[in-house]
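Single-letter residue listing:
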Protein chains: 4
Amino acid sequence: MERLKVVTVGGGSSYTPELIDGFIRRHQELPVSEYWLVDIDAGKEKLEIVGALAQRMVKKAGIKMTVHLTTHLDEALAGADFVTTQIRVGQLAARIQDEKIPLRYGVLGQETTGPGGFMKAQRTIPVLLALCRKMEEHCPDAWLINFTNPAGIVTEALSRYSPIKSLGICSGANSMLRDIAHAYGVERDEVYARIMGLNHLIFADRIAVNGHDMTDDFIEKLAQGVGSNQLKNIPDIGLPAEFIRALKLYPLSYLKYFYLNRETVEHECQTLAQGMTRGEQSLMIEKSLFELYRDPGLCEKPAALSARGGALYSDTACSIISSIYNNKCEIHVVNVPNQGTTPDLSDTAVIETNAMIDASGAHPLAYGRLPASIKGLIQSVKAFEELTVEAAMTGDKSTALLALASHPLVPSVAVAEQILHDYLAANWNYLPQYTR
Amino acid sequence: MERLKVVTVGGGSSYTPELIDGFIRRHQELPVSEYWLVDIDAGKEKLEIVGALAQRMVKKAGIKMTVHLTTHLDEALAGADFVTTQIRVGQLAARIQDEKIPLRYGVLGQETTGPGGFMKAQRTIPVLLALCRKMEEHCPDAWLINFTNPAGIVTEALSRYSPIKSLGICSGANSMLRDIAHAYGVERDEVYARIMGLNHLIFADRIAVNGHDMTDDFIEKLAQGVGSNQLKNIPDIGLPAEFIRALKLYPLSYLKYFYLNRETVEHECQTLAQGMTRGEQSLMIEKSLFELYRDPGLCEKPAALSARGGALYSDTACSIISSIYNNKCEIHVVNVPNQGTTPDLSDTAVIETNAMIDASGAHPLAYGRLPASIKGLIQSVKAFEELTVEAAMTGDKSTALLALASHPLVPSVAVAEQILHDYLAANWNYLPQYTR
Amino acid sequence: MERLKVVTVGGGSSYTPELIDGFIRRHQELPVSEYWLVDIDAGKEKLEIVGALAQRMVKKAGIKMTVHLTTHLDEALAGADFVTTQIRVGQLAARIQDEKIPLRYGVLGQETTGPGGFMKAQRTIPVLLALCRKMEEHCPDAWLINFTNPAGIVTEALSRYSPIKSLGICSGANSMLRDIAHAYGVERDEVYARIMGLNHLIFADRIAVNGHDMTDDFIEKLAQGVGSNQLKNIPDIGLPAEFIRALKLYPLSYLKYFYLNRETVEHECQTLAQGMTRGEQSLMIEKSLFELYRDPGLCEKPAALSARGGALYSDTACSIISSIYNNKCEIHVVNVPNQGTTPDLSDTAVIETNAMIDASGAHPLAYGRLPASIKGLIQSVKAFEELTVEAAMTGDKSTALLALASHPLVPSVAVAEQILHDYLAANWNYLPQYTR
Amino acid sequence: MERLKVVTVGGGSSYTPELIDGFIRRHQELPVSEYWLVDIDAGKEKLEIVGALAQRMVKKAGIKMTVHLTTHLDEALAGADFVTTQIRVGQLAARIQDEKIPLRYGVLGQETTGPGGFMKAQRTIPVLLALCRKMEEHCPDAWLINFTNPAGIVTEALSRYSPIKSLGICSGANSMLRDIAHAYGVERDEVYARIMGLNHLIFADRIAVNGHDMTDDFIEKLAQGVGSNQLKNIPDIGLPAEFIRALKLYPLSYLKYFYLNRETVEHECQTLAQGMTRGEQSLMIEKSLFELYRDPGLCEKPAALSARGGALYSDTACSIISSIYNNKCEIHVVNVPNQGTTPDLSDTAVIETNAMIDASGAHPLAYGRLPASIKGLIQSVKAFEELTVEAAMTGDKSTALLALASHPLVPSVAVAEQILHDYLAANWNYLPQYTR
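Conventions used here
Residues numbered from 1 in each chain as written. Chains lettered and ligands numbered in written order. Predicted model: local features only at pLDDT ≥ 70, side-chain atom pairs only at ≥ 80, totals over all residues. Contact = placed C-beta atoms within 7 Å. Helix = DSSP H or I, 4+ residues; strand = E, 2+ residues; numbered from the N terminus. Least-squares fit on C-alpha atoms with pLDDT ≥ 70 in both. Pairing = 2+ DSSP bridges. Axes fitted to C-alpha atoms, helices over the stretch in contact; angles between N-to-C directions. Parallel < 35°, antiparallel > 145°, perpendicular 65-115°, else oblique. Left-handed = near helix turned anticlockwise from the far one by under 90°. Nonpolar A, V, L, I, M, F, W, Y, C, P; charged D, E, K, R; others polar. Buried ≥ 20, exposed ≤ 12 C-beta atoms within 10 Å, placed from the backbone. Right-handed = clockwise from strand over helix to strand, strands pointing away. Core = buried A, V, L, I, M, F, W, Y, C linked by C-beta atoms within 7 Å. Expected span 1.5 Å × (residues − 1). Arc of directions from axis to C-beta.

By the naming in an unreviewed UniProt entry, chain A is 6-phospho-beta-glucosidase, taken from Scandinavium lactucae.

(A) Focus on the interface of chain A and chain B. Counting residues at the interface gives 36 residues for chain A, matched by 36 residues for chain B. Residue assignment for the side of chain A that touches chain B shows that the elements contributing at least two residues are α9 (241-247), α11 (261-274), α14 (372-394), α15 (397-406) and α16 (413-427) of chain A. With 12 residues, the top contributor of residues to the side of chain A that touches chain B is α14 of chain A.

(B) Just unusual backbone geometry, in detail. A cis amide bond links Asn-149 of chain B to the next residue, Pro-150 of chain B, at an omega of -5 degrees. Among the structural elements, Pro-150 of chain B can be located in the loop between β5 (143-146) and α6 (151-161). Positive phi, close to 60 degrees, is recorded for His-200 of chain B, a residue that is not glycine. Of note, His-200 of chain B is situated in the loop between β7 (191-198) and β8 (201-209). The phi torsion at Asn-327 of chain C lies on the positive side, around 50 degrees, for a residue other than glycine.

(C) Representation of the relation of the copies chain D and chain C. For the pair chain D and chain C, the best superposition has an RMSD of 0.0 Å and corresponds to a rotation of 180 degrees with a translation of 0.0 Å parallel to the axis. This pairing of chains is accounted for by a two-fold axis. Here 100% of the interface residues in chain D have copies in chain C that are interface residues too; the copies meet face to matching face.

(D) The pairing of strand β13 (residues 361-364) of chain B, seen in detail. Residues and elements named next belong to chain B. Bridge count for strand β12 (residues 350-358) against β13 is 4 bridges, and the pairing is antiparallel. When the sheet's bridge partners are listed, Ile-357 is paired in β13 with Ala-362. Counting the residues in the hairpin turn of β12 and β13 gives 2 residues.

(E) Main features of the packing of helix α14 (residues 372-394) of chain B against helix α15 (residues 397-406) of chain B. Residue and element names in this part refer to chain B. Packing of α14 against α15 brings their axes to within 8 Å, and their N-to-C directions diverge by 155 degrees. By the criterion of interaxial angle, the relationship of α14 to α15 is roughly antiparallel. Relative to α15, the crossing made by α14 is left-handed. Across the interface between the two elements, Ala-383, Phe-384, Leu-387, Thr-388, Glu-390, Ala-391 and Thr-394 of α14 pack against Thr-399, Ala-400, Leu-402, Ala-403 and Ser-406 of α15. A breakdown of the residues in the contact of α14 with α15 according to their chemical character gives 7 nonpolar, 4 polar and 1 charged.

(F) Structural view of the arrangement of the chains. Between chain B and chain C there is no contact; the minimum C-alpha to C-alpha separation amounts to 12 Å. If you take every C-alpha in chain A and every C-alpha in chain D, the smallest gap between them is 12 Å, and the two do not touch.

(G) Summary view of the interface of chain D and chain C. Contact with chain D, which involves 36 residues of that partner, is made by 36 residues of chain C. At the level of elements, α9 (241-247), α11 (261-274), α14 (372-394), α15 (397-406) and α16 (413-427) of chain D are the ones that each hand at least two residues to the side of chain D that touches chain C. Ranked by the residues each element gives to the side of chain D that touches chain C, the list is headed by α14 of chain D, at 12 residues. Its residues assigned to classes, the side of chain D that touches chain C comprises 20 nonpolar, 8 polar and 8 charged.

(H) Inspection of helix α1 (residues 16-25) of chain C at higher detail. Of all the 10 residues making up α1 of chain C, 9 are buried; the element is thus mostly covered by neighbouring parts of the structure. Looking only at α1 of chain C, the buried set comprises Thr-16, Pro-17, Glu-18, Leu-19, Ile-20, Asp-21, Gly-22, Phe-23 and Ile-24 of chain C.

(I) Seen up close, the pairing of strand β2 (residues 34-38) of chain D. Residues and elements named next belong to chain D. The buried fraction of β2 is high, at 4 of 5 residues. Examined bridge by bridge, strand β1 (residues 5-9) and β2 share 5 bridges and lie parallel to one another. Counterpart to Val-9 in the pairing with β2 is Val-38. Each parallel crossover has a hand, and for β1 linked through helix α1 (residues 16-25) to β2 it is right-handed. Pairing geometry for β2 and strand β3 (residues 66-70), over 5 bridges, is parallel. The residue bridging Glu-34 from the neighbouring strand is Thr-66, located in β3.

(J) Representation of the packing of helix α4 (residues 91-104) of chain D against helix α5 (residues 115-138) of chain D within the structure. All names here are of chain D. Interhelical geometry of α4 versus α5 gives an angle of 145 degrees and a closest axis separation of 9 Å. In terms of crossing hand, the pair formed by α4 and α5 is right-handed. Across the interface between the two elements, Ala-94, Asp-98, Glu-99 and Pro-102 of α4 pack against Pro-115, Gly-116, Met-119, Lys-120 and Arg-123 of α5. Class assignment of the residues belonging to the contact of α4 with α5 gives a composition of 4 nonpolar, 1 polar and 4 charged.

(K) Seen up close, the environment of Leu-252 of chain D. Following the sequence through the fold, Leu-252 of chain D ends up in the loop between β10 (250-251) and α10 (256-259). For the pair formed by Leu-252 of chain D and Ala-173 of chain D, sequence separation is 79 residues and the distance between their alpha carbons is 7.6 Å.

(L) The nonpolar core, seen in detail. The biggest cluster of nonpolar side chains holds 579 residues, and the ones touching the most others in it are Ile-145 of chain A, Ile-145 of chain C together with Ile-145 of chain D. Residues within four places of Ile-145 of chain A in sequence aside, it is in contact with Phe-82, Val-83, Thr-84, Leu-167, Ile-169, Ala-317, Ile-320 and Ile-321 of chain A.

(M) Looking closely at α16 of chain A. Residue and element names in this part refer to chain A. Over its 15 residues, α16 runs 21 Å from end to end, which matches the ideal 21 Å to within 8%, given 1.5 Å per residue. Of all the positions in α16, only Val-413, Val-415, Ala-416, Ile-419, Leu-420, Tyr-423 and Asn-427 are classed as buried. Viewed along the axis of α16, the buried residues span an arc of 140 degrees, placing them on a single side of the element.

(N) Quick look at the environment of Gln-433 of chain C. Residue and element names in this part refer to chain C. Assignment of secondary structure puts Gln-433 in helix α17 (residues 432-435). The class for Gln-433 is partly exposed, based on 16 C-beta atoms found within 10 Å. Residues Gln-433 and Gly-185 lie 248 residues apart in sequence; the distance between their C-alpha atoms is 50 Å. Residues contacting Gln-433, with those up to four places away along its chain left out, are Pro-126, Ala-392, Thr-394 and Gly-395.

What follows is the structure in structure tokens.
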């Protein structure tokens, strides 16, 4: 048997059992022989809990896969074929700050959308580029499958600044296909849709169920209230029916942060006043998950894990890895450089769209012009993302200010200045590029 | 002497004496032989007051120019060489509604920026396209020089839907050059700057004073507070110095509506609570101007006229007309279809930028990529403008909703629905395309 | 069983048994229930010979498919799902003229490359657009699968001037994959290559055999002489090894008409002097094929048919039709509008490239910039094709002259004038658009 | 008086008196205080002859300008404001070889068009980039005004590989304006035309005489034989009238090398058989010019100089330098990077087109799409130019082969191999990049 080595950076994450489960189920077509979980010293305890569960799961499955736990990145990377990342620099504590600080100024406090995405990118990009440098040394031909958020911005940084082959992935599109499938009582793989946009800012059209065009039908269903609540970790605030009919596209539920910004921010402020942010809720869920994971009798993915909204991540990641490994020429939705896919964005802009995945990587399907109804929003968020990447690479405060000020959900450059001030103060330890 | 016939549609406007003054001063190089002022029946009284003043001004100047007053558009257009427009469909009463309705929902209420620009475009575009149809019949080779607001949106509609040669003009860029000139104690024509953007959303760089690059120097002056208050009819709210230094561009003062949206809306709400909108102020100014114009002893442009902020319009219009007439190959800032000037906007998008003006029209200077710092804003407002034009042409309410919802200053599609509802109700008599 | 109706226009072609054979072999996945062969009155005899063979083949195969023969196009099209075309306006006699006339002036005389392609397009495009008009009436949702040459030019005309869904197909890319497969002793479906260019002017790179990149290896094989003779109907003239190594791309054998133009034209002139053109050879082959087809004992595709070089057409056509019918999301090489696939050609330019084929049609994989080494050739031939389409649509002689003069293999506009003169004289009966 | 230092590299050229004459006539607006002529040691004798004439011309004119002669480049460049180049690496002997070698194979042998341009670029680009390195050291803010041929290719190399501000100039467009002016009996500055293309491959439309559009009229004149013989050094072979009418553009006479390639090559072969190439003729003219220059009684530009076809160079160069120096915002035709001027070429492609010239350089007028009739030719020659620049920079023989093979006037890659072989052998001493 050929060696197939997969490494997960941030292996101590509570999501890891999902991934393990995915690799076990696909072992026939994707015979991972070595699976390495690597984490930082501070995450060693979690790594050992999750790692032990992983080993029990593999043992129970009876497949030939060894699970290795380590805090030595170099050792883990040596000779790897695929590296996946699911890190969280600063852990949930940093996320909670990302969410709370903008809310002080009446601005959306969300993990990836709005200022939160900016801040997470500043902490995350230097760490992932350092990982790329290590990969260039230890496994230069390996694929980096990134599902660390903000996945689109991170992938743009990696594709611009590292020769390592990388793909950004997210379960968002699959959640939309799943919801379409639910609406028609079919399986997810009987549904096809054309996806276009940026990570957490995608739209579907050309919706086909078993090859029959159901776009208009599904849009009408959507207008009438079916098909909502795509991602479990997104609050369900309905878009006006007339707007959906006018749009003629199926937006990912994250779009509510833009289309109902005023209402969403009010709702978040109330939630915060009453108790806790989404990050704080996640912290509690995580704690209870680790309680479960510790149980030496547990030999499979616990049902409670699906509450975190990551159920589809594993499917998305494993099927894309398999498509590369087996040169399948399948269509998946990934984050890749635009390279002309739509002329309405620059060539280097990372977009999230349908791509053919084979052994040489992702080849997006040409899309043409963006509809006027979504063009402006996508373009303005992309400009924010470009500036965010530049700020993360240079640590230049002026660029950081321009990035925040250019986000369509930031209502004033004066507010941008305040948020930036508070953000930098709160994250100073995680921002080596700003302190050099 | 060759006949040179100029027609001003909306001739009864209080701005007309500015234009007359401009034509008188340039009579040597631009020997207008017939100047026709045309207005609708409802504006006949104003037309006669302004027209009589115009005739007194021409008489005093002692030049060979006849001033004609009429309410018959066909007669006015027959054989015209240049047609200028300065109409206001629904008059100042409509403007006041445009401003007040969005403020009900905490959204910017401004004549051209935000929802106000959308509404004004819906009323104006059908009237100006009807004018174009008349021109195709009576003066197919004449130039239409449009300074009816929203000038950029209107020009986009004209360039897409009529074969009549048209240019959109605005005094904004000239006001910026004037302010640069003030800052350096030189004349306006000693200053050059590269301008890029959309009408009322332009930025300057490559600022040269007598051929010397002063860009960095002027940006620093701007950061320190010099050079503000470019247009008299825009409230003076300063941008943070650090933001200006980061931007490295000189924004038109209208940009405050975007960069300080929260503060501007608050200020407008307070102003409204305390008394009147900008439109209501304009109504008062207009009344007092017409009092002056009635005076048979007045034979020149009254000093009070400059209070309306239109002092530069005349210069801008007359010098561009002269550049066409005399095939001057001069550089002016105009609104023209992009046609590749920047690859970051579509070819048909009307932009406001430097163009070489000769007898065959305006030829914009190739610009290249937009800076990331302003790209997203320009692109998103342009997408709004495209949808606004489409809505104005079709009278389709879904498109109208998409237009309003896509404006970066509208915080929610639900709010967009409310504003659209109130706008359509208030303007029903001026919207034949929606009632067909 | 659902009805699945396929129509072949030009059903009397000697290629038809290939197609029948393909539908029979795929009947499980592509259950064609009605297969209609339609031809013009002048082709009735051939139609009956081929049709009888087709009926015998179907009978022998024992599948549920009825074969219908008709000269009534309307009847054939009514309710069709797929329409394929393989017509030859003016038959082989016109092709022979297409080849001989340019050779008079020392210019390439070839069926699709050079002036021959121009002339064939002038005769063919009006007929196929008339077919589209009929389809709009009788089967507006059917797919038109065009393999009438010049396939790229014809597809560009159809995609611009008809709402009918159409795809242009050619066996060229499959012949390249087959030759790569031969070189490595594997099956064709174990080979993947990225294809880019125009019909009969394509290049391959990213050559993968079972997922392993063999591009450099295959290029070196090619330089050393393996893998040539891709299409049986193309003379085998080898490219210099150093050129292939410099090019780093695998060109279709048709590229010899460009890369070795001088030698090819000399060779053709000699061939002509000694005997006959390729068209005349085809005429002889066709005659002998029809002799075989007449044999009532023949119940399958005769071996001799493969001598015509169309062996792969059937595979190409049937597998693409099946991919649409079954919404397979497979990758095939087709002729489709560029729509941003490469920014080096305009959006409407039809290109030949890899596309994902599903029920909604072909979605090309974004390609990015063309390599400088092939960019100029592709762009200049495409400009010729655009002008050729325009000439065919308008019948404007000036445009026709510009088309011929702009072909890179025409050495002088004076020669272009002569060829055009002779071509129009020889084809007058087939050019209604020029005589209107 | 401010110091204004101009340097001419290749000062010993027989063209220099034209330049001196231009600076003398413009001394009022362009007060050159120091004019340096610099040449290599091998050119010292010519430099002294030309330099002495220059000094006599300046003395006679009675202006304040010192003329310096030197073979020390560093000394000449120190503190320069403008540097012009008119070098000929390998002198006329190399040109004669450039012309003769392709003719051996029946391919155009011309100084700048076809293989000759490739070869000249290989010799010239390294020398001019070395000049740029010196300028970066001694006069980093100076302008490099290049009229060394092939001017377009050279400018593309300079703009890509050096930060020195450079403009490529050529008298071709001015010769076209002059011929239009002759046709209408007006002065050249009463004529405007829009120019687009590449150096020595330009087309004019929007032809205006005193602001009146005369395009159609002039095209008809051209078809009837007026307006030919634009450049004295181009043979006068007429294009067919029908072709000119179809083209609807005014092509530079160099276009005959493409449009009448077969005829031109035949003509050149005959000329060569009968006697001498154009390069050999130039050698004779040059010798006789230097005889004249030696005459100590000669104090002005001799009439015979105009026979070399460079009469307009001086005007072109001096007026562009003055437009930069005086920030004139005039329109001139220059070679500049495309940067979106037309979307049909890449951003870095150097084109020749109308540009506004001010103190900050050249700002081309946005052009939009190229007409289909000339698009393919321009794009294919540009691809050749890109490869030519790359070959000149790298000395890579494969790239050199691709460059020559991709030229539309080279009829076979086998011929390209032969020409390349002979060219490299004949020029080995001038090709350091190929021998490294």
